[in-house]
Amino acid sequence: MKEQLEIKITTFNNRLKGPTFEIELNGKILDKQVNYLSDTYNNCFDILSESKNKLVIRHSNKTPKDTLVQDGKVVADVAIRLDHLKFNNISCHPVDLHENFFYPENWKYEVEDKIKNNLYFGFNGRYEYCFESPVTKYVLAQHKKHSKDDFVLEQLDKYSDEKFVKLLKHHIEVESKNFL
Amino acid sequence: MKKIDFILCSLPRMNMLYPPGAPAILKAVLMDHGYACRTKDLVADWFTTFKDHPDWGTIDSWNALGNLKIRDDLESLIDEKVESWAKYLIKQNSVWIGLSIFSYESHRLGQMLSQKIKEFSPRQKIFMGGLGITNISERYAEKLFENGIIDAFITGEGEESIIQLAKGNLDFPGINDKNYQQLSKKTLDSQPVPNYDDYDLSLYGKEQQGAYSNFNKDIHTLPITASRGCVRKCTYCDVPLLWPKFTHRGGDLVADEIIRHYESSGTTKFHFTDSLVNGSMKDFRVMIDRLAKYNMDKGANITWTGQFIFRPAGSHTKEDWKTMARSGASVLEVGIESGSDDIRFQMGKKFTNDDVSVELKNASDNKVAIFPLMIVGWPTETDKHFQEFKDFLVRFHPYAYNKTIIDMTLGQTTRVQKNTPLFMEREKMGLEMIPTGGTQEDLLWWNKNNPTLTLSKRILRRFELAELALDLGYSIPEDYDEKRYLWSKWNELKDIETKWHNERTTRNQNNNVQ
């Protein structure tokens, strides 16, 4: 199916070097940027989706020395941060984006095999976002899944004036004892 | 199907007293500018589909209570209905689908329908408009827009903005922001007559979901808009900020519109959607004179309902009341708000219980029915004020018996809404908004100068007043729905309030120790 993919990434550079990253869908490279020195990356792609899809954002060519530290604080870094992903103009739910994994690779030191809940990609590696077609339906279903109400009212049928008034009076009594 | 520019629909939950005016008004405006537009009345469709369902009460509550979980089979029914709407609207082959959101009670369906439309036709353009996205503190339309579920939204009045949207000028104030501009009198006076061609008007005015329980059976009603804004600056109300200036159409133009509808469709019942019909006494007198004369000359039997303000005794003369009655005034909704003079004056209302007495007498003598709108739990309302409220109900209950007071609403207790003088002056009054961690809830506030008036106390007073009023013979059609709403809100908010008070008390104790 023909779909539209929009991606927004904030990029971080240490003034000497910018991040190198590529965007790939189902094994096909959509775009590649080398030593990218602007602050943000925005792009829109017309894509062909399959029933199961994998979008990969790969960050590469970084060494630990690219992270500049002063007095124990990071003052500059070479990295990318995924800000949003939109399919057919509909944003993926932030929780959905955080549920997908980043897999570090080609890193000098030992790090976890995969990282969740972080869209700041400081290591070399790949972030994989898996989705199904039709994409809009899939993205909206993720919205429904992750937009849980803080409070759900379930017992409306058990409501009665008398019971509620009793509860109110009891609550007012407790309030006046405790904090009024 | 031939491509059109707009299909506009209003969404439930709205009452069935009169057809939703916004799509009809905007259709006329668009057609006047050469755009092809249709309307679809989803309010009537929802009502006629579900009203006889054994679980109609639950289905109806699902709209009003955004967090209500209902049985899976009922959820499926609603889902099917919304899906059928989405497919129908897409099939109309329109550039824009417009969803009119009248209040927060349309939020749940609005989001669901937009998502369904995008699911079936991702590139279909959708926009929302209406009071339900304008005068709310929640970022409802904004969030849907940011997430791409809708493609635009219009706040404030839509007459000019929709033309700009059609032209693709999304920078126009009021499109995708809340910087809307108020329509001028000149623009208001030049608006075309609303177009109800796509509505089945015979569905309205028969069963009204509670509105005017004792009135207007089996006669359909058309909405009329004669003004925007209000001449009062009531402290709880956001109308002065929404429409800083009171603008109104000429009384003769309004009477003309009513007469034209009567002559073209035979409609005899009209409802004013204005904040008040008698803001400009000059134009109001012109209108009622004209309608009274028309009724007398033609035997037309035109009647109208709408919001009205009481004024100090003598401001409305006996002759005014007689002419009003002859012009067809049948039910006037009046914001009396409190039974206490002191509270009513604090609210910015400029009449006393004695003035109420004079107005009710005139209404009764001329057989014009009154529908008082009341608010319980004003931030400064003490036990003494509350007793005065009860005394008010007792004093005027003979008018409930003779049906001059046809119905009444007691509301959902005082809300401190953003964009109101009450909110802006809150610190001076000692009011604090209790944070919820999410969107600010305007029912959740505390007045340190009246500390025992907690949310529970306010709701309890609402229940006690209703019990007394019903005992005295008043009719409160919305009582059951409002109480259920308050029950749901109380369940949602009581622990947040308690936690906040506990933290406040601890903080105060610590400060005292130091």
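Quick notes on the rules
Residues numbered from 1 in each chain as written. Chains lettered and ligands numbered in written order. Predicted model: local features only at pLDDT ≥ 70, side-chain atom pairs only at ≥ 80, totals over all residues. Heavy atoms only, no water. Helix = DSSP H or I, 4+ residues; strand = E, 2+ residues; numbered from the N terminus. Rg over C-alpha atoms; globule rule 2.2 N^0.38 Å. Buried < 20%, exposed > 50% of the residue type's maximum accessible area, 1.4 Å probe, protein only. Phe/Tyr/Trp six-rings, centres within 6.5 Å; stacked < 30°, edge-to-face > 60°. Salt bridge = Lys/Arg side-chain N within 4 Å of Asp/Glu carboxyl O. Pairing = 2+ DSSP bridges. Right-handed = clockwise from strand over helix to strand, strands pointing away. Axes fitted to C-alpha atoms, helices over the stretch in contact; angles between N-to-C directions. Contact = heavy atoms within 4.5 Å. Expected span 1.5 Å × (residues − 1). Buried area = accessible area lost by both parts, 1.4 Å probe. Polar contact = N/O pair within 3.5 Å; in protein donor to acceptor, adjacent residues only side chain to side chain. Arc of directions from axis to C-beta. Disulfide = S-S within 2.5 Å.

Observations concerning the overall build of chain A
And then number 1: Counting secondary structure elements, chain A contains three helices and twelve strands.
And then number 2: Rg of the C-alpha trace for chain A: 24 Å, well past the compact-globule value of 16 Å for 180 residues, more than 25% over.
And then number 3: Here the C-alpha coordinates of chain A stretch approximately 70 × 50 × 30 Å along the principal axes.
And then number 4: Counting all 180 residues of chain A, 43% fall into the buried class.

A closer look at the packing of aromatic side chains
Residues and elements named next belong to chain A.
And then number 1: One pass over the full model with this rule turns up 32 aromatic pairs over all chains.
And then number 2: Geometrically, the ring pair formed by Phe87 and Tyr129 is stacked, given 6.2 Å between the ring centres and 20 degrees between the ring planes. With Phe87 in strand S8 (residues 79-87) and Tyr129 in strand S12 (residues 125-132), this pair connects stretches of sequence that are 42 residues apart.
And then number 3: On the basis of relative accessibility, which here comes to 1%, the residue Phe87 falls in the buried class.

Some remarks on unusual backbone geometry
And then number 1: With an omega dihedral of 0 degrees, the bond running from A:Ser133 to A:Pro134 counts as a cis peptide bond.
And then number 2: Along the chain, A:Pro134 falls in the loop between S12 and helix H2 (135-146).
And then number 3: The step from B:Pro12 to B:Arg13 runs through a cis peptide bond, and the omega angle for that step is 15 degrees.
And then number 4: With respect to the helices and strands, the residue B:Arg13 is situated in the loop between strand S1 (4-10) and helix H1 (21-32).
And then number 5: Residue A:Arg15 is not a glycine yet carries a positive backbone phi of 75 degrees.
And then number 6: Position of A:Arg15 among the secondary structure elements: in the loop between strand S1 (2-12) and strand S2 (20-25).
And then number 7: For B:Asn176, which is not glycine, the phi torsion reads 60 degrees and is therefore positive.

Observations concerning the pattern of salt bridges
Between side chains of opposite charge, a pair can form as their charged atoms come close.
All names here are of chain B.
And then number 1: Under the defined criterion, the tally for this structure stands at 50 salt bridges over all chains.
And then number 2: The residue Arg71 makes a salt bridge to Asp55 at a minimum N-O spacing of 3.0 Å. With Arg71 in the loop between helix H3 (56-64) and helix H4 (72-91) and Asp55 in the loop between helix H2 (42-50) and H3, the pair connects residues that are 16 residues apart, well separated along the chain.
And then number 3: Assessed through its relative accessible area of 43%, Arg71 is described here as partly exposed.

So, the pairing of strand S4 (residues 125-129) of chain B
Residues and elements named next belong to chain B.
And then number 1: Among the five residues that make up S4, four are buried, leaving the element largely enclosed by the rest of the structure.
And then number 2: Strand direction decides the pairing type here: strand S3 (residues 94-100) and S4, joined by five bridges, are parallel. Pairing of Ile97 across the sheet is with Ile126, part of S4.
And then number 3: Assessed by its sense of winding, the connection that carries the chain from S3 through helix H5 (residues 107-120) to S4 is right-handed.
And then number 4: Taken together, the three bridges between S4 and strand S5 (residues 152-154) define a ladder with parallel strand orientation. Looking across to S5, one finds that Phe127 is bridged to Ala152.

A short note on the sheet that holds S3(B)
Residues and elements named next belong to chain B.
And then number 1: In spatial order, the strands read S2-S1-S3-S4-S5; together these five strands make up an open sheet with parallel pairing. Looking at the sheet topology across the chains shown, the edges are occupied by strand S2 (37-41) and S5. For this sheet, the mean inter-axis angle between neighbouring strands, taken without regard to orientation, is 20 degrees.
And then number 2: Contacts from H5 reach S3 and S4, with the element oriented near 170 degrees to S4.

Observations regarding helix H15 (residues 353-365) of chain B
All names here are of chain B.
And then number 1: Taking 1.5 Å per residue as the helical rise, H15 with its 13 residues ought to reach 18 Å, and the 18 Å between its terminal C-alpha atoms agrees with that figure.
And then number 2: Those residues of H15 that sit buried are Asn353, Asp355, Val356, Glu359, Leu360, Asn362, Ala363 and Ser364.
And then number 3: Elements that come into contact with the buried residues of H15 comprise helix H13 (318-327), strand S11 (329-337), helix H14 (341-347), strand S12 (369-374) and helix H16 (383-401).
And then number 4: With its phi angle positive at about 55 degrees, Lys367 sits one or two positions after the end of H15.

A few points about the interface of chain A and chain B
And then number 1: Contacts between the two partners involve 33 residues from chain A, matched on the other side by 41 residues from chain B.
And then number 2: Of the roughly 3,300 Å² buried at the junction of chain A and chain B (both faces included), carbon and sulfur atoms supply 68%.
And then number 3: Applying the counting criterion to the chain A and chain B interface returns one salt bridge.
And then number 4: Residue B:Lys483 pairs with A:Asp161 through a salt bridge whose shortest N-O separation is 2.8 Å.

Here's the deal with the side chain of B:Asp151
And then number 1: Within the fold, B:Asp151 resides in the loop between helix H7 (140-146) and S5.
And then number 2: Judged by relative accessible area, which is 17%, B:Asp151 ranks as buried.
And then number 3: Of the polar contacts made by the side chain of B:Asp151, one reaches the side chain of B:Lys118; its length is 2.8 Å.
And then number 4: With residues near it in sequence (within four places) discarded, B:Asp151 still touches A:Asn89, B:Trp96, B:Lys118, B:Gln124, B:Lys125, B:Ile126 and B:Phe145.

A look at H13(B)
Residues and elements named next belong to chain B.
And then number 1: The set of residues buried in H13 consists of Asp320, Trp321, Thr323, Met324 and Ser327. Looking straight down H13, one finds that the buried residues subtend no more than 165 degrees of arc, so they occupy a single side.
And then number 2: Downstream of H13 by one or two residues, Gly328 has phi in the positive range, about 110 degrees.

Thoughts on the sheet that holds strand S9 (residues 269-272) of chain B
Residues and elements named next belong to chain B.
And then number 1: One open sheet holds the five strands; their spatial order is S6-S9-S10-S11-S12, and the pairing between them is parallel. If you trace the sheet from one side to the other, it starts and ends with strand S6 (221-224) and S12, each paired once. The mean inter-strand angle of the sheet, taken between neighbouring strand axes irrespective of direction, is 20 degrees.
And then number 2: Two elements, strand S10 (residues 303-308) and S11, share five bridges in a ladder whose sense is parallel. Directly across from Thr305, in S11, lies its bridge partner Val331.

Some points on the state of the cysteines
Residue and element names in this part refer to chain A.
And then number 1: For the structure on display, the rule yields zero disulfides over all chains.
And then number 2: Of the cysteine sulfurs around Cys92, a residue in no disulfide, the closest is that of Cys130, at 12 Å.
And then number 3: Residue class for Cys92 comes out buried when judged on its relative accessible area of 6%.

Structural measurements only, silent on function.
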